[in-house]
Structure formats: structure tokens, C-alpha cells
Amino acid sequence: MIRRELSPDLVSALRGHSFWKNICGDHNLQPEIRDNSITVYYKSGALLRNLGLTKGHLTASVVDRYVPFASSGDSVTLVEDDKGHLVFDRPPQAMPLADGTEDVLTSYKLRMDRIRGSGKEGDIVQAICSRAANAVVDQEITFQEAGGPRDKIDMCCFDTERRSFVFVEVKRVDDKRLLPDFGSDAPPEVLRQLRSYGDRVSSQRDALLDTYNRVVALKRELGLGNRLENIPTDSVKSLEEKPILVIGHCTLEIAESILNGTDGWGPLRSGIEEVASALILVGRDGADVNCSSRRNKLVFP
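Residues numbered from 1 in each chain as written. Predicted model: local features only at pLDDT ≥ 70, side-chain atom pairs only at ≥ 80, totals over all residues. Heavy atoms only, no water.

J.: Help me understand the overall build of the chain in this model?
T.: Within the chain, the regular secondary structure consists of eight helices and 12 strands. Projected onto its principal axes, the C-alpha coordinates of the chain cover approximately 70 × 45 × 40 Å. Burial analysis of the chain (301 residues in total) assigns 46% to the buried set. Long-range pairs, those at least 24 residues apart, make up 66% of the contacts in the chain between residues at least 6 apart in sequence. Taken as a whole, the chain presents about 15500 Å² of accessible surface, with 47% of it coming from carbon and sulfur. Averaging the positions of the 40 positive and the 45 negative side-chain charges in the chain gives two centres separated by 1 Å. (Helix = DSSP H or I, 4+ residues; strand = E, 2+ residues; numbered from the N terminus. Buried < 20%, exposed > 50% of the residue type's maximum accessible area, 1.4 Å probe, protein only. Contact = heavy atoms within 4.5 Å. Areas by Shrake-Rupley, 256 points an atom, 1.4 Å probe, with all protein chains shown as cover. Lys, Arg positive; Asp, Glu negative; His and termini not counted. Charge placed at Lys NZ, Arg CZ, Asp CG, Glu CD.)

J.: Would you take a moment to explain the environment of R49 for this structure?
T.: Along the chain, the position of R49 falls in strand β3 (residues 45-54). Taking the C-alpha atoms as reference points, R49 and G198, 149 residues apart in sequence, are found 28 Å from one another.

J.: When you look at the packing of aromatic side chains in this model, what are you seeing that I'm missing?
T.: To describe a pair of aromatic rings, one takes the distance between the centres and the angle between the planes. Considering all chains together, one arrives at four aromatic pairs under this definition. Taking the centre distance of 5.7 Å and the plane angle of 65° together, the rings of F143 and F167 count as edge-to-face. Taken together, the positions of F143 in strand β7 (residues 135-144) and F167 in strand β9 (residues 164-172) put the pair 24 residues apart, joining distant regions of the chain. Taking the relative accessible area as the measure of exposure, F143 reaches 1% and is therefore buried. The interplanar angle of 70° and the centroid separation of 5.9 Å between the aromatic rings of F167 and Y212 together place this pair among those described as edge-to-face. With F167 in strand β9 and Y212 in helix α6 (residues 205-221), the pair connects residues that are 45 residues apart, well separated along the chain. Owing to a relative accessible area of 1%, F167 belongs among the buried residues under this scheme. Following the ring pairs from residue to residue traces out a cluster consisting of F143, F158, F165, F167 and Y212. (Phe/Tyr/Trp six-rings, centres within 6.5 Å; stacked < 30°, edge-to-face > 60°.)

J.: Quick question: what am I supposed to make of a nonpolar patch on the surface here?
T.: Residues V76, L78, L86 and F88 make up a contiguous nonpolar surface patch of roughly 390 Å² in combined accessible area. Inspection of the secondary structure puts L78 in strand β5 (residues 78-80). Classification of L78 by relative accessible area gives partly exposed; the value is 46%. (Patch = residues over 30% accessible without salt bridge, like charges linked within 9 Å, V, L, I, M, F, W, Y side chains within 5 Å. Salt bridge = Lys/Arg side-chain N within 4 Å of Asp/Glu carboxyl O.)

J.: Help me out: how do you make sense of the nonpolar core in this one?
T.: The tendency in soluble globular proteins is for nonpolar side chains to be buried side by side. Within the largest apolar cluster, 67 residues are counted, with the highest numbers of intra-cluster contacts made by F165, F167, Y212, I247 and I272. With sequence-adjacent residues up to four places away left out, I247 is seen in contact with K171, R172, V173, L178, I258, L268, L279, I280, L281 and V282. Core analysis: the next-biggest nonpolar cluster, separate from the first, contains 18 residues, V125, V166, A278 and V282 among them. (Core = buried A, V, L, I, M, F, W, Y, C linked by side-chain atoms within 4.5 Å.)

J.: Help me understand the packing of helix α5 (residues 189-203) against helix α8 (residues 266-275), please; the structure alone is not making it clear to me.
T.: The angle between the axes and the distance between the axes are what describe a pair of packed helices. Interhelical geometry of α5 versus α8 gives an angle of 0° and a closest axis separation of 10 Å. Between α5 and α8, the interaxial angle falls into the category roughly parallel. Contact residues: V190, L191, L194 and R195 in α5; P267, L268, G271, I272, E274 and V275 in α8. Looking at the contact of α5 with α8 residue by residue, the classes come out as seven nonpolar, one polar and two charged. (Axes fitted to C-alpha atoms, helices over the stretch in contact; angles between N-to-C directions. Parallel < 35°, antiparallel > 145°, perpendicular 65-115°, else oblique. Nonpolar A, V, L, I, M, F, W, Y, C, P; charged D, E, K, R; others polar.)

J.: Looking at this structure, how should I read helix α7 (residues 252-260)?
T.: For an α-helix, 3.6 residues make a turn, and residues three or four places apart therefore share a direction. Inspection of α7 places A255, S257 and I258 among the buried residues, and these make up the whole buried set. Each buried residue of α7 sits inside an arc of 160° when the element is viewed along its axis, so together they form one side. Those residues of α7 that are exposed and angled more than 90 degrees off the buried face are L252, E253, E256 and N260. Close packing links the buried residues of α7 with β10 (244-248), α8 and β11 (278-281). At the exit of α7 stands G261, carrying a positive phi of roughly 70°. (Arc of directions from axis to C-beta.)

J.: Honestly, α5 in this entry has me stumped. Any pointers?
T.: If you check α5, its first and last C-alpha atoms are 22 Å apart, about what 15 residues at 1.5 Å a residue would give, namely 21 Å. V190, L191, Q193, L194, S196, Y197, G198, R200 and V201 are the residues of α5 that are buried. Packing partners of the buried residues in α5 comprise β7, β8 (150-159), β9, α6, β10 and α8. (Expected span 1.5 Å × (residues − 1).)

J.: How do you make sense of the sheet that holds strand β12 (residues 297-299) when you look at a structure like this?
T.: Hydrogen bonding along the main chain pairs the strands of a sheet, whether they run parallel or antiparallel. Spatial ordering of the open sheet is given by β7-β8-β9-β10-β11-β12, a layout of six strands whose pairing is mixed. What marks the edges here is a single partner per strand, and that holds for β7 and β12. With direction set aside, neighbouring strand axes in the sheet form an average angle of 25°. Pairing geometry for β8 and β9, over five bridges, is antiparallel. Bridged to C156 within β9 is F167. (Pairing = 2+ DSSP bridges.)

J.: Explain the side chain of K219 here, please?
T.: With respect to the secondary-structure elements, K219 resides in helix α6. Taking relative accessible area as the criterion, K219 reaches 5% and is therefore assigned buried. Dropping the residues within four chain positions of it, K219 is found in contact with P31, E32, I33, V136, V137, D138, L224, G225 and L228.

Here's what the structure looks like:
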């Protein structure tokens, strides 16, 4: 079962904190609610994990590789110690997040960019999140029953066309799971993934609706309501059981081949309608993620 909840004390502590206001004001960052904590994502990577309260004080964790050094522009000096090793006379200092001002957050994001590289699946997710038309409710969602296999899907969004929550799987066009194994008659792995996600959603439909209506309410309490303006203020009553598949970094030529099922895309094209509510093909700029009919998009009943 997916757990998404925050204590009133944590909500209150965040709402009154300048750090949190700066996080909310940076639309390149996406705070997502967990089980009494928050993860802040950037390009689908976790900038902050376990943002919560410990003994009344905010705490969080960050991967050490993502932490930049505070820089004054001066050189740092190395001196020989009594063992003959060159050591810093004054070690460089890591840059704390402090109040999360724009310059500090920019330094952290640049550091993440250097570590993670470009052209990743996370860039597609970021482009989707950055579009005002997309109401992203959650990211990096893991389905797992006790002792059972784990399924992890990229996003949950609000579909403005069908007025429902919908889960979204994002793939780069060069992901091998989009095509059958060479010489194999088996369908592409992504079709099995989508079917598994759909089965999970179908079996947990009512609980998921309750969970994500609660997430929307909590995000509004936290000052993130401007990112969810397309979601009605009363409860969402519908949940698409079949996810949307978004394939990114497509050229116009590749998108045409996928839509027509040519150049090796036949197995994906012939099987996608059964397991997805829509297929959306995008370049590097993202797309409006919903079940409306548009160019380079297939929508299924």
C-alpha cells in the first residue's frame, strides 16, 4: 500500500519557514509527499530526502556528491604535515542549504547536473513537470506488497481531459525495453510493465483515489496550490486504470515510425492499446500529459 501523509506539526513547521517558501518558489524543484516526510526532486533525482521533524526541528538528508563547496574565489593552501602529506591548512567548507535562497539552490542544481549528466530520462520528467498545464501529484511511486515483487512508476498526474488521476511511465526512445529482444517473438518488456501497473491500480483503485485526494489537499496546505490549479477543489472521483506511456527524445521521423508501427515498432504499436490509456511521443520539450487528441499522440478507450 502506498502511504502518503504528513503530521499537522510538520505542515505547520514548513509553512512558517523561509526555506520552504524558497523551495516552493523554485518551479524546477518538485516536493513530493511520503510517509510523514517529503522528498524534493530535481530532474527525477532526489535533492532532499526525509525532510521531516526530529524533536521539533526540521531535518533532511542529501547525497554528499550533490553538496557544493562554498567558494570565495580564493585559492586554498596545501601544507605538508608531520607525516609528509599535503593537507589543507583550512579545509574547504561545504555549502549548507540554509534558507534555500536562489543562489544556493542554483549551486545544488548545477552540482546535480554535473554528477547525473544530461540526456537522461529525468530530463523528460523535468520537462513534463515544468509545463503549467500538467498537474503533477506524485513522482517515483513504488507498488509493493509484503514479500512480493516491486513495481515503480514515474508519475501520477491529473488528466484534465478525463478529469481523473492517471499514472505515467516515461521512457527514452532508445530504451531497449520498448522493442522486443533481437530474434525473440516475445512482446516488448514495456508492455508487461504497463500491464502490471494497470493491475496494481485496478486492485487498489479506491485506496489510491483516497491517497491522492489527500496528497492534493496537503500540497495546497503547504503552499503548492499554484501547481495544482487544474485540479478541482472538490475530490477527484475518477482514476484511469491504464497508465499513459510517454516516449521522449523522439525525432519527427521516429515518432511517425512508432505511430505507424514501422521500422521495428510494430510489436509496441500493436500491443500498446491494450495496456495504456495513451501513447505520447515527445522531443526534449515535454508535452501536456492527458488523454486529449493531439499530434504525435494516440488515445485509447
